[in-house]
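# Close look at the chain arrangement
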Amino acid sequence: MAKRLKFWGWGYEDEVVPPAELRWMESTWAERFGVAGFSVTPTPAAAEIRLPAPRIAPPASLAAICTTDHYERVLHSYSKSFPDIIRVYRRECPSPADVVALPRNERDVVDLLDWCYGANAAVVPFGGGSSVVGGVTPPTGGGHAAVVSMDLRNLGKVLEIDEVSQCARIQAGTFGPSLEAQLKGAGLTLRHFPQSFQCSTLGGWIATRAGGHFATLYTHIDDLVESLRVVTPSGVLETRRLPGSGAGPSPDRMFIGSEGTLGVITEAWMRLRRRPGFRATATVKFGDFYRGTDAVRALAQSGLYPANCRILDAEESQYNGLADGRHSVLVVAFESADHPVEAPLKRALELCRDFGGEADMGAGEASHLEGAAGRWRERFMFLPYFKEHMAARCIFRDAYETAITWDRFKDFHASIREAGLAAIRKATGREGSVSCRFTHVYPDGPAPYLTFHGLSSSPERLMSDYWAVKSAASDAIIAGGGTITHHHAVGREHRPWYDRQRPELFACALRAAKSALDPKWLLNPGLLVDRNPA
Ligand SMILES: Cc1cc2nc3c(=O)[nH]c(=O)nc-3n(C[C@H](O)[C@H](O)[C@H](O)COP(=O)(O)OP(=O)(O)OC[C@H]3O[C@@H](n4cnc5c(N)ncnc54)[C@H](O)[C@@H]3O)c2cc1C
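Remember, it's a predicted structure, so these values are computed and weren't measured experimentally.

Conventions and cut-offs
- Residues numbered from 1 in each chain as written.
- Predicted model: local features only at pLDDT ≥ 70, side-chain atom pairs only at ≥ 80, totals over all residues.
- Heavy atoms only, no water.
- Helix = DSSP H or I, 4+ residues; strand = E, 2+ residues; numbered from the N terminus.
- Rg over C-alpha atoms; globule rule 2.2 N^0.38 Å.
- Buried < 20%, exposed > 50% of the residue type's maximum accessible area, 1.4 Å probe, protein only.
- Areas by Shrake-Rupley, 256 points an atom, 1.4 Å probe, with all protein chains shown as cover.
- Near = heavy atom within 4 Å.
- Polar contact = N/O pair within 3.5 Å; in protein donor to acceptor, adjacent residues only side chain to side chain.
- Pairing = 2+ DSSP bridges.
- Axes fitted to C-alpha atoms, helices over the stretch in contact; angles between N-to-C directions.
- Contact = heavy atoms within 4.5 Å.
- Expected span 1.5 Å × (residues − 1).
- Arc of directions from axis to C-beta.
- Salt bridge = Lys/Arg side-chain N within 4 Å of Asp/Glu carboxyl O.
- Parallel < 35°, antiparallel > 145°, perpendicular 65-115°, else oblique.
- Left-handed = near helix turned anticlockwise from the far one by under 90°.
- Nonpolar A, V, L, I, M, F, W, Y, C, P; charged D, E, K, R; others polar.

## Quick look at the overall build of the chain
Scanning the chain from terminus to terminus reveals 17 helices and 18 strands. At 23 Å, the chain has a C-alpha radius of gyration in line with the 24 Å of a compact globule built from 534 residues. Seen through its C-alpha atoms, the chain measures out along the principal axes to roughly 70 × 60 × 50 Å. Put simply, the chain has 534 residues, and 58% of those count as buried. Per element, the accessible surface of the chain, about 21,400 Å² overall, is 53% carbon and sulfur.

## With respect to the site of the ligand
Near the ligand there are 37 residues, and of these Pro125, Gly127, Ser130, Ser196 and Thr201 occur at the shortest range. Within the backbone of proline 125, a nitrogen or oxygen atom sits 2.6 Å from an oxygen atom of the ligand. Between the ligand and glycine 211 there is a distance of 2.8 Å, counted from an oxygen atom to a backbone nitrogen or oxygen. The protein chains hide 96% of the 970 Å² of surface that the ligand would expose on its own. Those elements that place two or more of their residues in the shell around the ligand are β3 (121-126), α6 (202-208) and β10 (264-271).

## Remarks on the sheet that holds strand β6 (residues 167-171)
Through backbone hydrogen bonds, the strands of a sheet pair up, either in parallel or in antiparallel fashion. If you walk across this open sheet you meet the 5 strands as β5-β6-β10-β8-β9, and the pairing is antiparallel. The sheet terminates laterally at β5 (158-162) and β9 (235-238), the two strands that pair on one side only. Within the sheet, the average angular offset between the axes of one strand and its neighbour, ignoring direction, is 10°. The strands touched by helix α4 (residues 106-119) within the sheet are β8 (225-232), β9 and β10, with β8 carrying the most contacts at an inclination of about 40°.

## Overview of the side chain of threonine 428
As for its position among the elements, threonine 428 is in helix α14 (residues 406-428). In terms of polar contacts, threonine 428 uses its side chain to reach the backbone carbonyl oxygen of isoleucine 424, at 2.7 Å. Reaching out from threonine 428, the side chain makes a polar contact with the backbone oxygen of arginine 430 at a distance of 3.1 Å. Ignoring sequence-local partners within four residues, the contact set of threonine 428 consists of Phe396, Leu455, Ser456 and Asp465.

## Section: helix α17 (residues 504-517)
Relative to the 20 Å expected for 14 residues at 1.5 Å per residue, α17 spans 20 Å between its end C-alpha atoms, a close match to the ideal helical length. Looking only at α17, the buried set comprises Ala507, Leu510, Arg511, Ala513, Lys514 and Leu517. Down the axis of α17, the sector holding all buried residues measures 165°, keeping them to one side. Of the exposed residues in α17, those oriented more than 90 degrees away from the buried face are Leu505 and Ala516. Buried residues along α17 sit in contact with β8, α7 (251-255) and α16 (495-501).

## Side note on the pairing of β8
By the criterion of burial, β8 is predominantly enclosed, with 7 of the 8 residues buried. As paired elements, β8 and β10 share 6 bridges and run antiparallel to each other. Paired with arginine 229 across the bridge in β10 is glutamate 267. Relative to β9, β8 runs antiparallel, the two sharing 4 bridges.

## Points about the pattern of salt bridges
According to the stated counting rule, one finds 36 salt bridges in the structure shown. The closest approach of N and O atoms between aspartate 84 and arginine 87, which form a salt bridge, is 2.5 Å. Within this pair, aspartate 84 and its partner arginine 87 are both found in helix α3 (residues 82-89), separated by 3 residues, close to a single helical turn. Residue arginine 425 pairs with glutamate 431 through a salt bridge whose shortest N-O separation is 2.8 Å.

## A look at the environment of aspartate 98
On the secondary structure map, aspartate 98 appears in the loop between α3 and β2 (99-101). The contact partners of aspartate 98, leaving out residues within four places of it in the chain, are Ala53, Pro54, Arg55, Ile56, Thr68, Arg73, Ala146 and Val147. Of the polar contacts made by the side chain of aspartate 98, one reaches the side chain of arginine 55; its length is 2.7 Å.

## Quick look at the packing of helix α8 (residues 289-300) against helix α10 (residues 342-353)
It is the contact of α8 with α10, at a shortest axis distance of 9 Å, that shows an interaxial angle of 140°. Relative to α10, the element α8 is oriented oblique. The chirality of how α8 crosses α10 is right-handed. Each of Ala295, Ala298 and Leu299 in α8 lies in contact with α10, whose residues at this interface are Ala348, Leu351 and Cys352. Here the residues of the contact of α8 with α10 are counted per class, giving 6 nonpolar, no polar and no charged.

## Focus: the side chain of glutamate 493
Considering the arrangement of structural elements, one finds glutamate 493 in the loop between α15 (459-479) and α16. Of note is the side chain of glutamate 493, whose polar atom sits 2.7 Å from the side chain of serine 81. If we skip the residues at most four places from it in the chain, glutamate 493 touches Ser81, Pro83, Val132, Val133, Gly134 and Trp467.

## What about the sheet that holds β3?
Reading across the sheet, the 4 strands line up as β1-β2-β4-β3 and stay open at both edges, with mixed pairing between neighbours. Strands at the two margins of the open sheet, each flanked by one partner only, are β1 (66-67) and β3. Sheet topology places β2 next to strand β4 (residues 146-151); 3 bridges connect them, and they run parallel. By the bridge assignment, valine 99 is partnered in β4 with valine 148. Contacting β1, β2, β3 and β4, α4 crosses the sheet at an angle of about 170° to β4.

## So, the pairing of strand β16 (residues 395-401)
Here β16 lies mainly inside the structure; 7 of its 7 residues are buried. In β16, alternate side chains face the same way, and those of Ile395, Arg397, Ala399 and Glu401 on one face and Phe396, Asp398 and Tyr400 on the other are all buried. Pairing of β16 with strand β18 (residues 445-455) involves 7 bridges; the strand directions are antiparallel. Directly across from glutamate 401, in β18, lies its bridge partner tyrosine 449.

## Quick word on unusual backbone geometry
Within the chain, arginine 191 stands out as a residue other than glycine whose phi angle is a positive 50°. Structurally, arginine 191 is set in the loop between β7 (188-189) and α6. Its identity is not glycine, yet tryptophan 521 carries a phi of approximately 55°, on the positive side. Mapped onto the elements of the fold, tryptophan 521 is located in the segment after α17.

## Describing the environment of glycine 11
Of note, glycine 11 is situated in the segment before α1 (19-33). Separated by 244 residues in sequence, glycine 11 and phenylalanine 255 place their C-alpha atoms 28 Å apart. Discounting residues that sit within four places of it in the chain, glycine 11 has contacts with Leu5, Lys6, Cys199 and Tyr385.

So, in structure tokens, the structure goes:
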């Protein structure tokens, strides 16, 4: 039997945090919040999540590709957002999926949409379900008769590789590891590695404008998409394979970031690159975070375009095992399939020295990866497994991930941090933390990622405390001129702030596009825009 994704947290069912690691982490949390220990809500079994009977049954012609299996319905009724994890631990499922559909090809997608349209059922496209903003959480209300979650996991193949142009035609349900494995034989890579790489899909990345491996230049999946095929209730649409085009507004760009509201992406031609053989990495310590961010600005504006350029403040550096809690640390790396990259790294380190940075540079690639940068990467990929254990202990943890121009960055960062810390204090009656790193940087500004932690006094308080803190800082982001999301997407949970950020005339245009492609408004209702303006 294929491995099953966890419905209650990150990864697959058989992936558990080793007990010693969990004990160590628990002692770190206890020290952080000044408590002796935690009472722990047990991990729920699927049988504890009670679901009403499905409100709809597929026709005989589609029965083989639809299921109402309890585990599948539960898995498809939650995203990986913190509020959804709280609901799982409360054994609550306010908006269950009625049916899970598993198309095997594009014809199935067309037939499923036809059936849902006839039955007035909402359709939620589902890739890996790794959305942290409620993007795959079934809608409530909206006038539909039922909800069908359309899981693309059986569309998992690289169909064609064009080695001359370095591109591949890839099905939307292909998970990250399988996608890279299928390209490896040709010596090519998409090199799009979001932290959720293991459990997310190409279609999900495109539908959410995901941010990946590259800290500069090719930060979002957008730049890697050459063309798309999309099934909409109004018909199938395919864009041309072109390296670039000035022919009007880009049809690709209309679907990139559409979050399942305009159609189901079934495949895409993606731009690839040769696997890098040359790499150079270093870490640089700064006594002051803002001196470090000044150095990052110089780097971002230097034209060097490092593949990795992530600065972590003192708290994040300590948490990630990179430093002692007194220093901020910049992880900087260059890579190429074509030429040695020691020279750009040397120049980057000179720039950092101008701002008081102290470089830690080993003798070669292997020693670097085993060193601080390697430790950071290992921890970075492992941290998501702790989230469910935090929810079980009434600790809330989440992120504000945004972007802002350099001229406003320092005030902006300070205001979000203050709003977050004050909200944690007010909601929980104790101190929490708000730490910061940059995920991506641009010549005109950074993408700061602020992680907040707080401890609620009881499981009953966890949801309202979480939202008090999330809302306070989200308000500060919008007031400060930032974006409510740099790469996690809007989903159900960022929607109120997205509505404040998005120009109203653009909402009208989006509404018209949705009405043309999805006349009954059944594709992921409630995301991005409503049928009737408020
Ligand atoms: C631990 C963790 C780390 C993360 N790290 C990152 C990160 O580094 N960078 C980043 O950008 N995001 C990150 N995310 C968020 C999430 O992984 C991304 O949004 C990802 O792109 C979602 O892919 P998915 O296949 O899981 O899509 P899903 O979560 O299944 O779906 C996301 C949205 O896209 C729609 N959708 C999915 N597939 C299709 C399709 N074929 N056609 C049309 N619509 C579709 C869904 O309806 C939904 O609205 C992280 C999440 C977690 C849990």
